[in-house]
Every structure is written in C-alpha cells, then in structure tokens.
Amino acid sequence: MNYARFLTAVSAARKPSPIRMLTELQQRSPPSLISLAGGAPNPNTFPFQSASIKMKHGETVTFDEAMMKRALQYSASNGIPELLTWMKNLQKDLHNPPTASYTPENGQMDMCVTTGSQEGLCKVFEMLVNPGDNVLLDAPTYSGTLATLQPLGCNLINVPSDQHGMIPAALKEVLSRWNPSEVHKPDSDAPKILYTIPNGGNPTGASMTAQRKQEVYELARQYDMLIIEDDPYYFLQFDKPWAPTFLSMDVDGRIIRTDSFSKILSSGLRIGFVTGPKPLVDRVVLHIQASTMHTSTFTQLMVSQLLHSWGQEGFLQHIDRVIEFYRKQRDAMIGSADKWLKDVAEWHTPSAGMFLWIKLKGIADTQQLIMERALEKEVLLVPGGVFMINSSDPCPYVRAAFSLSTPEQIDEAFRRLSTLIKEAL
C-alpha cells in the first residue's frame, strides 16, 4: 500500500528527534559505554528510593533501587521493550494478524505504547485527517472521538448502524457517490478513513458481527480506505468465542487498531496501544517524540512486571473475572429496565461493554429532561445528543452506565427515571 497518500502535511513533515534517538541507542548499549550525550537528569538526585505494590491475589510488584532508578528515568518513545514484546505476542495470539510476517514497507504489524488509547486516537487522527477531508463513522459514537475530529475541520459522514454496529449495505450506499477507480486521483474527495468501535460501542453497546466486519473490510479494499478499529471494550465481550477483529482479517495492512488497559487494569495508569502497519505506527511515534516523549516509565514497568508474573494465562483469567463482574451488572440493569421502563422506553441488550442505550418513548429530545429535571429527581444519565455529529439535533436517547452503581442503586435510578418520563409525558 502507498501509505504516503494518507498522511497529512504535518505528519509527513515530522522528523526523528536526534536526542530521542541517542537516548534509545544508549539504552540498548552495553554498560561499558561511556555516554556524555544524553540530557537525562541523574536519578541519584531523585527522592524516591523503592516501592512495593501489593496485588489483590497475593502477588507483589517490587521496585528495588536499580529498578526504581529506571522507572523514574526517560525511556523509549514507542514504549519499554519488555512491555511491547509481551503485547506483540498477545496481539499475535489473540488476532493472528496476516501482517505479522510482512516486510515493514508492506505494512508489517507494529505497536507502540500510548498514554491511554485516547492519546493514540488523537495522534492517529492528526496523522491522517486534513481540513475538508470526508471521514466516515457510525454515529452515535464516542464523544471523545468527536472532540478530536471536529476541530480538525473535516466533514464527518454518518454511516447508519443498528444493534450489530455499522451496516455494510448502508456503507456501500454512502460510498456509491464515488467511483472506486478514481479514488487515487489528486482531486478526489473520496473518504480515506473509516472509524468504528466494533465491540460494546460507546454509547450504543452495539457489537459488529464477523460477517459485517468482512463486508466492511472488502469495501475498504475497494475504495482504498484505512479502518480505525477503536476497541477499548474488546476484553469486555460477554460471550465466547470473541468476535474476530478487523486486525485478524487485515491482509493489506489497512487496519490501525487502538487497545486500552483502562477498563481492565486501571483507567488512571493511562496505558493504551496502537497496533498497525509499521510505516504509520512510526509516524505516531514521531509525534510522541515531539509531544509527551513517552508514556510514564513507572506505570509501564508496573504493568509489565504484573503481566510477566501472570503470563498470558493469568492475564486471561483476570479478564474472565472482570467480564463476570460486568455481565452481572448488565443483567441487573436489564432486569431493572424490564421492571420499570418497559412502557416508557426501548433498548437492546448489549453483548459487550458497560453501557445501555435507551430510547425514551414520546420524548423528542432528552437534553432538557436530563440536564434540568433529572437532577431534581436525583438521577443522572447522559443525554444522547452529545454522541451525535451535530449535538444540537433533537435526540430521544440516553446512555446509562452499569459499571459503578450497585444493582440496588441501578434499580432505584430506573424507578426515578420512570417517574420522570411519565411526568414529562
């Protein structure tokens, strides 16, 4: 693939930082090397000496003095090597990407660590999206994505979706205004990127079927588009086997995938990953060099030590425990919805994630209802408009999260919501 055609002028102009390259070279060198090159501070002057972090199941993550010095120091912009190696092996075992064995210039699978998948998304969009570009996505979608894309001055084109995610026939219809044979012409305004959350979508809870993904991927091939597979809820799929990912189907090297540890290890540690063709991951890393420099070495080492002590089997056992918790929470919310909201609302049961997307009957727009009257009833949900391309359009939906509240609180919240809706009608 010709990756140069996808890059913005800003991304194409990025050059490697000579200082960052020296830092990374030094970290790979033998201890006998005497370096006067780096501008790193001396860790002997830092006040932190050692740390011991107790895990819930008895393990301990320990930072002795030597490890602590490393944890407090600068590290490679693409991530610390042992965490990257562990994650690359996980990606290969979970997704078996065809691109794993490709040459770098042909789109070989590569990865980098980002400060949460939000940083990865933000940098991917800034690498690919020019003002005036047409970008495809299936709204309602994650408000953080809209907040990243809208200031870039692109045209967001909505592809209709349902409880099974983006509808391939609708995508085909949207794309029909362009001729596939003309997308490489310099003056073509055909979309070059398509964005979707394939599992447990935020806010809808929708999950794409394997069949739909295959059809969407074929359309991306036909029109030479990149697909941004934003998958923070991949590890919160309630039913096994988990759906095959776009990455697992990627014979061309046209998938950029973002993963997150926020929902399964910690949202505050801020660790995410970008997986994709090496020429594009390299551009993201150049942006990291010039902005955050790298994700916190301390949090990377902490997570890496935990993953290595668990092994892949221990990690997946932890995932199963997390899934079991959220499955029970989802079931509690569906039970309470059936009890209180049957007459006044409708919804689809999500098969992944942490959200229920609820359409209120007879309410044209939930914005005022939630922002003003819901607070009086002491119940809070997110009005659906914030997930739409044009947030001022009337929207009859609300998003309810089942992650934090107890089943009893969820039940009481839906009782209050039911009263609120009935009074509004």
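Residue positions are given per chain, counted from 1 along the sequence in the order it is written. For this predicted model, a pLDDT threshold of at least 70 governs which residues receive local features, and a threshold of 80 or more governs which side-chain atom pairs are given and counted, while totals over whole chains, interfaces and linings are taken from all residues. Excluding hydrogens and water, the side-chain figures rest on all heavy atoms present in the structure.

Peer 1: Would you mind going over the overall build of the chain in detail, with residue names and values included?
Peer 2: Within the chain one finds 12 helices and 15 strands. As defined in this context, the radius of gyration uses C-alpha atoms, and a globule is described by 2.2 Å times the residue total to the power 0.38. In terms of overall dimensions, the chain is globule-like: its C-alpha atoms have a radius of gyration of 23 Å, near the 22 Å expected for 425 residues. Projected onto its principal axes, the C-alpha coordinates of the chain cover approximately 75 × 60 × 40 Å. Should any heavy atoms of two residues lie within 4.5 Å, those residues are considered in contact. Expressed as a percentage of contacts within the chain between residues at least 6 apart in sequence, the contacts between residues at least 24 apart total 73%. The protein chains shown are the only cover counted for residues, whose accessible areas, like all others here, come from Shrake-Rupley with a 1.4 Å probe. Per element, the accessible surface of the chain, about 19200 Å² overall, is 53% carbon and sulfur. Looking at the chain, you have 40 positive and 44 negative side-chain charges, and the mean spots of the two groups are 2 Å apart. Each helix corresponds to a stretch of at least 4 residues labelled H or I by DSSP, and each strand to a stretch of at least 2 residues labelled E; elements are numbered beginning at the N terminus. A residue counts as positive if it is Lys or Arg and as negative if it is Asp or Glu; His and the chain ends are not included. Every charge is mapped to an atom, namely NZ of Lys, CZ of Arg, CG of Asp or CD of Glu.

Peer 1: So what's going on with unusual backbone geometry? Which residues, and what values?
Peer 2: Negative phi values dominate among residues other than glycine, just as trans dominates among peptide bonds. The residue after N202, namely P203, is reached through a cis peptide bond having omega 20°. Among the secondary structure elements, P203 is positioned in the loop between β8 (193-196) and α8 (210-222). One non-glycine residue, D224, lies in positive phi territory at about 50°. Relative to the helices and strands, D224 is located in the loop between α8 and β9 (226-230). Even without being a glycine, E378 presents a positive backbone phi close to 60°.

Peer 1: Explain the packing of aromatic side chains to me, and be specific about the residues and the numbers.
Peer 2: Stacked, edge-to-face and tilted labels apply to pairs of Phe, Tyr and Trp rings (six-membered ring for Trp) whose centres lie within 6.5 Å, assigned for plane angles under 30 degrees, over 60, and everything in between, in that order. Per the counting criterion, the structure on display carries 13 aromatic pairs. When the centroid spacing of 5.7 Å and the interplanar angle of 55° are considered together, the rings of F125 and Y195 count as tilted. One end of the pair, F125, is in helix α5 (residues 116-128); the other, Y195, is in strand β8, with 70 residues separating them in the sequence. Centroid distance F235 to F315: 5.5 Å. Interplanar angle 85°. Geometry classified as edge-to-face. Remark: F315 occurs in helix α10 (residues 297-340) and F235 occurs in the loop between β9 and β10 (255-260); sequence separation between them is 80 residues. As far as burial versus exposure is concerned, F235 and F315 are alike and both buried. Only protein chains enter the accessibility calculation, which uses a 1.4 Å probe; a residue is then buried when its area is under 20% of its type maximum, exposed when over 50%, and partly exposed in between.

Peer 1: Give me the lowdown on the pattern of salt bridges, citing residues and values where you can.
Peer 2: For this document, the term salt bridge refers to a Lys or Arg side-chain nitrogen within 4 Å of an Asp or Glu carboxyl oxygen. Applying the stated criterion across every chain yields a total of 21 salt bridges. Residues E229 and R257 are paired through a salt bridge, measuring 3.3 Å at the closest nitrogen-oxygen approach. Note that E229 is positioned in strand β9 and R257 in strand β10, a separation of 28 residues in sequence. For E229, a relative accessible area of 0% gives the class buried. On the basis of relative accessible area, R257 is assigned to the buried category, the value being 0%. Here R330 makes a salt bridge to D331, at a shortest N to O gap of 3.1 Å. The partly exposed category is assigned to D331, whose relative accessible area is 42%. A single network of salt bridges, built from pairs that share partners, joins R5, R221, D224, D252 and R254.

Peer 1: Outline the sheet that holds strand β14 (residues 382-383), listing residues and values.
Peer 2: Pairing within the open sheet is antiparallel, and its four strands lie in the order β12-β13-β15-β14. Two strands lie at the open edges of the sheet, namely β12 (345-347) and β14, each paired on one side alone. A pair of strands is treated as paired once DSSP finds two or more bridges between them. Where β12 lies against strand β13 (residues 355-360), three bridges are found, and the strand directions are antiparallel. Residue pairing in the sheet places A345 in a bridge with L360 of β13.

Peer 1: Residues and numbers for the sheet that holds strand β4 (residues 134-137), please.
Peer 2: In spatial order, the strands read β3-β11-β10-β9-β8-β4-β5; together these seven strands make up an open sheet with mixed pairing. Lying at the two open borders of the sheet, with one neighbouring strand each, are β3 (109-114) and β5 (155-158). Neighbour-to-neighbour, the strand axes of this sheet turn through a mean angle of 20°, independent of strand direction. Of the strand pairs in this sheet, β10 and strand β11 (residues 272-277) are connected by four bridges, and their pairing is antiparallel. By the bridge assignment for β11, R257 is matched with T275. Across the sheet, helix α4 (residues 81-95) is in contact with β3, β10 and β11; its angle to β3 comes to roughly 130°. Lines fitted to C-alpha atoms define the axes, with helix axes restricted to the stretch in contact, and inter-axis angles between N-to-C directions lie between 0 and 180 degrees. Against the sheet, helix α9 (residues 278-290) makes contact with β3, β9, β10 and β11, and its axis sits at roughly 20° relative to β3, the strand it touches most.

Peer 1: I'd like to hear about the environment of P140, residue by residue, with values.
Peer 2: Counting through the fold element by element, P140 comes out in the loop between β4 and α6 (143-149). The class for P140 is buried, based on a relative accessible area of 16%. Along the primary structure P140 and G385 are separated by 245 residues, whereas in three dimensions their C-alpha atoms are 8.3 Å apart. Residues in contact with P140, not counting those within four places in the same chain, are P203, T204, W357, F387 and M388.

Peer 1: Before we move on, could you go through helix α12 (residues 407-424) and cite the residues and values that matter?
Peer 2: Each α-helix winds once per 3.6 residues, and so residues spaced three or four apart point in a common direction. Between the first and last residue of a helix there are one fewer steps than residues, each counted as 1.5 Å, and that sum is the expected span. Its 18 residues give α12 an end-to-end C-alpha distance of 26 Å, which sits within 8% of 26 Å, the value for a rise of 1.5 Å per residue. Contact partners of the buried residues in α12: α10, β13, α11 (367-376) and β15 (397-401).

Peer 1: A description of the pairing of β13 should follow, citing residues and the corresponding values.
Peer 2: A regular strand carries its side chains on alternate faces of the sheet. Across the six residues that make up β13, a large majority, five, are buried. The pairing of β13 with β15 spans five bridges and is antiparallel. The residue bridging L356 from the neighbouring strand is A400, located in β15.

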